[in-house]
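# Architecture at a glance
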Amino acid sequence: MLNKQTLYKKQAGEYAATLIEDNMVVGLGTGSTVRFFIEMLAKRINTEGLNIVGVTTSSKTSALAKSLGIKLSSVDEVPYIDVTIDGADEVDLNFNGIKGGGAALLFEKIVALNAHKNIWIIDESKYHNVIGQFPLPVEVVPYGSHQLLKRFAEADLHPSFRRTAAGSRLTTDVDNYIIDLSLERIDHPKSLAYFLEQTIGVVEHGLFLNIVDEVIIGGEQLKIITK
């Protein structure tokens, strides 16, 4: 038996798969909700004979898509991406999002910015008035990362290195570190994004602003919110 949250994720993911049309180039996000989307998309490809090319945002997604028989290309091999379907760790009423819980924020942002349309699929527990309850991921280069941690601490951003279950520092697909900022709420996301973007050593941050076009929210009733 799936718990309610998992059922809501499944609901959102499987609905998103119905939006994909033949001959599309589709950005494939990362995360547990996206997994339901990819599995249903693969079923449609197999049963309906859809010609779909996927552009993935992480090695985990690539492995899943390949195992299900979905054709893949890199973001540099396709002329465009019709639509990207991705999850989000948190979304607010103004369509600001936090992403990167799966440590794929850099590739997720690259794929999103090269897509004609971006759709996020979430369960209702991730939709809030203001973002910030989920720790904000910041991808940083290893060299000088301790100095960055100190700088973030001095700025009252409550940073910590993300670690694996074994206790070592987690590394991304391109061998960077993740520093998570525990902020509780982010009232001025644009200002924080600007600060992070101006900080040397920061590769990318998990604030996704002015990117999403539509949010599909799984719950007791499926909700679709369009920007």
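All values derive from a computational prediction rather than experimental measurement. (Residues numbered from 1 in each chain as written. Predicted model: local features only at pLDDT ≥ 70, side-chain atom pairs only at ≥ 80, totals over all residues. Heavy atoms only, no water.)

## Observations concerning the sheet that holds strand β3 (residues 71-72)
Spatially, seven strands are ordered β3-β2-β1-β4-β7-β13-β14 in an open sheet, and the strand pairing comes out mixed. For this open sheet the edge positions go to β3 and β14 (223-226), each flanked by a neighbour on one side alone. In the packing of helix α1 (residues 4-17) onto the sheet, the strands contacted are β4 (83-86), β7 (118-123), β13 (214-218) and β14, and the crossing angle to β7 comes to about 160 degrees. (Pairing = 2+ DSSP bridges. Helix = DSSP H or I, 4+ residues; strand = E, 2+ residues; numbered from the N terminus. Contact = heavy atoms within 4.5 Å. Axes fitted to C-alpha atoms, helices over the stretch in contact; angles between N-to-C directions.)

## Overview of the pattern of salt bridges
Following the criterion strictly, the structure yields ten salt bridges and no others. Note that Glu 14 is salt-bridged to Lys 10, the shortest N-O span being 2.9 Å. With Glu 14 and Lys 10 both in helix α1 and four residues apart, the pair spans about one turn of that helix. Assessed through its relative accessible area of 28%, Lys 10 is described here as partly exposed. Between Asp 180 and Arg 162 there is a salt bridge whose closest N-O contact spans 2.9 Å. One end of the pair, Asp 180, is in strand β10 (residues 177-181); the other, Arg 162, is in the loop between β9 (159-161) and β10, with 18 residues separating them in the sequence. According to the relative accessible area criterion, Asp 180 is buried, its value standing at 11%. You can call Arg 162 buried: its relative accessible area is 13%. (Salt bridge = Lys/Arg side-chain N within 4 Å of Asp/Glu carboxyl O. Buried < 20%, exposed > 50% of the residue type's maximum accessible area, 1.4 Å probe, protein only.)

## Remarks on the nonpolar core
Formed by 23 residues in total, the largest nonpolar core has its most connected members in Ile 20 and Phe 37. Contributions of two or more residues to this core are made by α1, β1 (25-28), α2 (32-48), α3 (59-67), β4 and β7. If you tally residues by element for this core, the top one is α2, at six residues. When residues no more than four places from it in sequence are discounted, the contact partners of Ile 20 are Val 26, Phe 37, Leu 41, Arg 44, Leu 50, Ile 52, Val 83 and Ile 85. Listed in part, the 20 residues of the second largest apolar core include Leu 136, Leu 148, Leu 157 and Tyr 177. (Core = buried A, V, L, I, M, F, W, Y, C linked by side-chain atoms within 4.5 Å.)

## Details of the pairing of β4
The alternating pattern of β4 places Val 83 and Ile 85 and Thr 84 and Asp 86 on opposite faces, both of which are buried. With three bridges joining them, β1 and β4 adopt parallel strand pairing. Among the inter-strand pairings, Val 26 is bridged to a residue of β4, identified as Val 83. Of the pairings in the sheet, the one linking β4 to β7 comprises three bridges and is parallel in character. Within the sheet, the bridge partner assigned to Ile 85 lies in β7 and is Ile 119.

## Regarding the packing of aromatic side chains
According to the stated counting rule, one finds three aromatic pairs in the structure shown. Aromatic side chains Phe 161 and Tyr 177 sit 6.0 Å apart centroid to centroid with 80 degrees between the ring planes, which places their arrangement in the edge-to-face category. Within this pair, whereas Phe 161 is found in strand β9, its partner Tyr 177 is found in strand β10, the two being separated by 16 residues in sequence. We classify Phe 161 as buried; its relative accessible area is 11%. Here Lys 109 stacks its cationic end above the ring of Phe 208, 4.7 Å away from the centre of that ring. A cation sits over an aromatic face here: Arg 169 above Phe 161, 4.0 Å from the ring centre. (Phe/Tyr/Trp six-rings, centres within 6.5 Å; stacked < 30°, edge-to-face > 60°. Lys NZ or Arg CZ within 6 Å of the ring centre and 35° of its normal.)

## Notes on the UniProt feature "active site" (unreviewed entry) in the chain
UniProt tags Glu 108 as "active site" (unreviewed entry). Along the chain, the position of Glu 108 falls in helix α4 (residues 105-113). In contact with Glu 108, other than residues within four places in its own chain, are Thr 30, Thr 57, Asp 86, Lys 99, Gly 100 and Phe 208. There is a polar contact of 3.3 Å between the side chain of Glu 108 and the side chain of Lys 99. (UniProt positions renumbered as here; feature names shortened; annotations may be inferred. Polar contact = N/O pair within 3.5 Å; in protein donor to acceptor, adjacent residues only side chain to side chain.)

## Observations concerning the environment of His 158
Along the chain, the position of His 158 falls in the loop between α5 (145-154) and β9. Taking relative accessible area as the criterion, His 158 reaches 51% and is therefore assigned exposed. Taking C-alpha positions, His 158 is 24 Å from Glu 108, a pair spaced 50 residues apart along the chain. In this structure His 158 touches Phe 152, Asp 180, Leu 181 and Ser 182, once residues within four positions along its chain are discounted.

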